[in-house]
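# Coordinate inspection notes
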Amino acid sequence: GNSLEFDGNDINNNDEYVEVANGENVFGISNQHSISAWVYPLTPLINSDGNSNWNVIFDGSASESSNDSNNAGFDLLITDQNKLYAFVGLGLNQVQTNLYSNSSIPNNQWSYVTVTREDNLLKLYINGNLDTSRFDLPYDPVSYDGSSYETDIYQIGKYSRSGGAIPSYFNGNIASVSLWNSSLTESEIQDYMNCPPNGNEAGLVGYWNMDEGSGTTLTDLSGNGNNGTINGATWSNNTPTQICDNC
């Protein structure tokens, strides 16, 4: 098996990430979605402003902004305090539509992390176990109107928005990312943690297992053709242990 190793930072333009799509709502995500990933985070790097990066797992064309109406897209990150963090852009203030885990994600080891959203429900899972949830989101579909902050970029390992904000990057390894336009159950999350998707599952709209081991393309195994372009990240044989035969 393989994974991708990232150590991107805005200092020296060390721009390391994977772009998997570009466009308005490429993945057809509305009122439900899930993101799962195997991650091996290291201590976040310090950016040119002297602040710590957040370890960005997936940026779904998110624009997190102080202007409520420009909050759009969705993302999954690990904060500089090692908390799993998810955001859903519904044109409201971030605090109304985001969620921080109770448990910390340890550095220097593999964890399987998941966010699910179904209408008013937003949940975070760590290693297949529900960590925390909130039940008060509006039933609205994800907004894709980030106004001047909008990027329309879907990327692994980097969060960026228009308007001059410094990007944030992942430091460490990512071994698999799956994106769904459905809300996975706890048992489904545990199944895919132990045995990865085949690629033809209902609701699977993007799946990159980072197993190529060479080259600059990440194949989208969901069949939807959103192959990722690797920018700067390097191949590694540091991988999580999974217990099924088809890994």
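So, a few notes on the structure that sits alongside this text.

The rules we used
- Residues numbered from 1 in each chain as written.
- Predicted model: local features only at pLDDT ≥ 70, side-chain atom pairs only at ≥ 80, totals over all residues.
- Heavy atoms only, no water.
- Helix = DSSP H or I, 4+ residues; strand = E, 2+ residues; numbered from the N terminus.
- Buried < 20%, exposed > 50% of the residue type's maximum accessible area, 1.4 Å probe, protein only.
- Contact = heavy atoms within 4.5 Å.
- Areas by Shrake-Rupley, 256 points an atom, 1.4 Å probe, with all protein chains shown as cover.
- Lys, Arg positive; Asp, Glu negative; His and termini not counted.
- Charge placed at Lys NZ, Arg CZ, Asp CG, Glu CD.
- Salt bridge = Lys/Arg side-chain N within 4 Å of Asp/Glu carboxyl O.
- Arc of directions from axis to C-beta.
- Pairing = 2+ DSSP bridges.
- Phe/Tyr/Trp six-rings, centres within 6.5 Å; stacked < 30°, edge-to-face > 60°.
- Core = buried A, V, L, I, M, F, W, Y, C linked by side-chain atoms within 4.5 Å.

### Overview of the overall build of the protein chain
When you go through the protein chain residue by residue, the secondary structure sums to two helices and 18 strands. Across the 247 residues that make up the protein chain, the buried fraction comes to 54%. Long-range contacts, defined here as pairs at least 24 residues apart, represent 65% of the contacts in the protein chain between residues at least 6 apart. Put simply, the protein chain shows about 9700 Å² of open surface, and 40% of that area lies on carbon and sulfur atoms. Across the protein chain, 6 positive and 29 negative side-chain charges occur, with their mean positions spaced 9 Å apart.

### Looking at the pattern of salt bridges
One pass over the full model with this rule turns up two salt bridges. The partner of Lys 158 in a salt bridge is Asp 15, and the shortest N-O contact between them spans 3.0 Å. Placement of Lys 158 in strand 12 (residues 158-159) and of Asp 15 in the loop between strand 1 (3-7) and strand 2 (17-22) is noted, with a sequence separation of 143 residues between them. Residue classification places Lys 158 among the buried positions, given a relative accessible area of 9%.

### Observations concerning helix 2 (residues 186-194)
Of the positions making up helix 2, those classed as buried are Ile 189, Tyr 192 and Met 193. Buried residues of helix 2, viewed axially, fall in a sector of 105 degrees; they line one side. Those residues of helix 2 that are buried lie in contact with strand 3 (32-41), strand 8 (111-118), strand 9 (121-126) and strand 14 (171-180).

### Observations regarding the sheet that holds strand 16 (residues 217-218)
Whenever strands of a sheet pair, they do so through backbone hydrogen bonds, lying parallel or antiparallel. An order of 7-6-5-4-11-2-17-16 is seen for the eight strands of this open sheet, with the pairing classed as antiparallel. Strands at the two margins of the open sheet, each flanked by one partner only, are strand 7 (98-104) and strand 16. Bridge analysis of strand 2 against strand 17 (residues 228-231) gives three bridges, and the strand direction is antiparallel. The residue bridging Val 18 from the neighbouring strand is Ile 230, located in strand 17.

### Section: the pairing of strand 5 (residues 72-78)
Looking along a regular strand, one sees side chains alternate from face to face of the sheet. Among the seven residues that make up strand 5, seven are buried, leaving the element largely enclosed by the rest of the structure. As defined by bridge partners, strand 4 (residues 55-63) adjoins strand 5 across six bridges and the pair is classed as antiparallel. Its bridge partner lying in strand 5, Ser 63 is registered against Ala 72. Taken together, the five bridges between strand 5 and strand 6 (residues 83-88) define a ladder with antiparallel strand orientation. Residue pairing across strands places Phe 74 opposite Val 88, the latter belonging to strand 6. The hairpin formed by strand 5 and strand 6 contains four residues between the paired strands, and Asn 82 there has a positive phi angle of roughly 70 degrees.

### So, unusual backbone geometry
At Asn 12, a position not held by glycine, the phi torsion is positive, near 60 degrees. Relative to the helices and strands, Asn 12 is located in the loop between strand 1 and strand 2. Accessibility expressed as a relative area gives 74% for Asn 12, which makes it exposed. The phi angle at Asn 13 is positive, at roughly 50 degrees, despite the residue not being glycine. In this structure, Asn 13 sits in the loop between strand 1 and strand 2.

### Concerning the packing of aromatic side chains
Overall, the coordinates contain twelve aromatic pairs when judged by the stated rule. Both rings, one in Phe 74 and one in Tyr 154, keep their centres 6.3 Å apart while their planes meet at 55 degrees; by these two values the pair is tilted. Here Phe 74, found in strand 5, pairs with Tyr 154, found in strand 11 (residues 153-156); they are 80 residues apart in sequence, far enough to count as distant. Every member of this aromatic cluster is reached through a ring pair, and the members are Phe 27, Phe 58, Phe 74, Tyr 154 and Trp 208.

### Side note on the pairing of strand 15 (residues 204-208)
A large share of strand 15 lies buried, amounting to five of its five residues. Relative to strand 15, strand 14 runs antiparallel, the two sharing four bridges. Across the sheet, residue Leu 179 finds its bridge partner in strand 15, namely Gly 206.

### Notes on the nonpolar core
By size, the foremost hydrophobic cluster in this structure holds 41 residues, and its most contacted members are Phe 58, Ile 156 and Trp 208. For Phe 58, the contacting residues outside a window of four places in its chain are Val 20, Ile 35, Phe 74, Asp 75, Leu 76, Tyr 154, Gln 155, Ile 156, Val 177, Leu 179 and Trp 208. Among the nonpolar cores identified, the runner-up in size contains 13 residues, and Tyr 40, Tyr 112, Leu 184 and Tyr 207 belong to it.

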